[in-house]
Amino acid sequence: MATQRTLSIIKPDGVEKNLIGKIIARFEEEGLTPVAVRMVHLSQQEAEGFYAVHRERPFFDSLVEFMTRGPVVVMVLEGDDAIARNREVMGATNPDEADEGTLRKLYASGIEENTVHGSDSPENAAKEIKYFFSDVQVFPRG
Ligand code: ADP
Ligand code: MG
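Presented here is a report on the structure given in the accompanying data block.

**Topic: the pattern of salt bridges**
Now for step 1: On inspection of all chains with the given rule, the structure shows six salt bridges.
Now for step 2: For Arg 5, the salt bridge identified is with Glu 78, shortest N-O distance 2.7 Å. Note that Arg 5 is positioned in strand S1 (residues 3–10) and Glu 78 in strand S3 (residues 72–80), a separation of 73 residues in sequence.
Now for step 3: With a relative accessible area of 30%, Arg 5 lands in the partly exposed category.
Now for step 4: A salt bridge links Arg 69 to Glu 16; the nearest nitrogen and oxygen atoms lie 2.8 Å apart. A residue pair is termed long-range when its members are at least 10 positions apart, and Arg 69 in the loop between helix H4 (60–67) and S3 and Glu 16 in helix H1 (residues 12–16) qualify at 53 residues.
Now for step 5: Residue classification places Glu 16 among the partly exposed residues on the basis of a relative accessible area of 44%.

**What to know about the nonpolar core**
Now for step 1: Of all hydrophobic cores here, the largest spans 21 residues; its most connected members are Leu 7, Ile 9, Met 67, Val 74, Phe 132 and Phe 133.
Now for step 2: Within the residue set of this core, elements represented by two or more residues are S1, strand S2 (33–40), helix H3 (44–50), H4, S3 and helix H7 (122–132).
Now for step 3: Considering each element in turn, this core owes the most residues, five residues, to H4.
Now for step 4: When neighbours within four sequence positions are excluded, Phe 132 is seen to be in contact with Leu 7, Ile 9, Arg 38, Leu 42, Phe 50, Val 74 and Gln 137.
Now for step 5: Listed in part, the 16 residues of the second largest apolar core include Ile 10, Ile 23, Val 73 and Ala 82.

**Remarks on the environment of Ile 24**
Now for step 1: Tracing the chain through its elements places Ile 24 in helix H2 (residues 20–29).
Now for step 2: With 51 residues separating them along the chain, Ile 24 and Met 75 place their C-alpha atoms 9.5 Å apart.
Now for step 3: Ile 24 has contacts with Ile 10, Pro 34 and Met 75, leaving out every residue within four places of it along the chain.

**Section: the pairing of S1**
Now for step 1: Of the strand pairs in this sheet, S1 and S3 are connected by eight bridges, and their pairing is antiparallel. Across the sheet, the residue bridging to Gln 4 is Gly 79, located in S3.
Now for step 2: Here three bridges tie S1 to strand S4 (residues 116–118), and the two strands are oriented antiparallel to one another. What sits directly across from Ile 9, in S4, is His 117.

So, how was this worked out
- Residues numbered from 1 in each chain as written.
- Chains lettered and ligands numbered in written order.
- Predicted model: local features only at pLDDT ≥ 70, side-chain atom pairs only at ≥ 80, totals over all residues.
- Heavy atoms only, no water.
- Salt bridge = Lys/Arg side-chain N within 4 Å of Asp/Glu carboxyl O.
- Helix = DSSP H or I, 4+ residues; strand = E, 2+ residues; numbered from the N terminus.
- Buried < 20%, exposed > 50% of the residue type's maximum accessible area, 1.4 Å probe, protein only.
- Core = buried A, V, L, I, M, F, W, Y, C linked by side-chain atoms within 4.5 Å.
- Contact = heavy atoms within 4.5 Å.
- Pairing = 2+ DSSP bridges.

This is the structure in structure tokens:
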């Protein structure tokens with residue numbers, strides 16, 4: 001399978017619950033290696049830009065408020081089939097529907113506060129990585 005890169009975010013609920021270490025350890029165990037890591041408190045504009053595709057959804061304002069309430073950890077993960085693999089490790093958007101052992105099943109409190117983000121396609125992975133990182137911030141340096 002091809003090596004890919006995907007964008008991962010540990011959302012404010014995950015940071016608040018002191019899950020940064022556990023979540024990164026899980027990614028490493030699953031063959032998803034961090035090649036760029038940054039902690040950032042998103043502004044409203046940054047969160048709105050990141051979730052622009054959801055602008056018309058009824059939960060958009062609430063999602064932006066949640067994503068800006070505290071710092072997040074933004075990462076680029078690299079590995080075989082990393083985009084799909086990360087989505088598997090994360091589990092379904094709604095933790096009630098997520099498989100046992102997935103990050104969202106283990107840690108998420110609801111469909112909105114679901115602990116982790118992961119890119120859903122190669123196109124979005126490229127776009128999302130670029131949104132947060134310049135080439136020289138991703139290792140090996142581009
Ligand atoms: P995913 O993060 O699994 O790719 P989506 O792209 O559909 O899910 O949604 C983006 C984020 O918006 C979700 O991770 C979640 O935080 C939030 N969200 C999605 N659906 C809902 C909903 N029905 N109510 C509240 N928040 C939601
Ligand atoms: Mg999505």
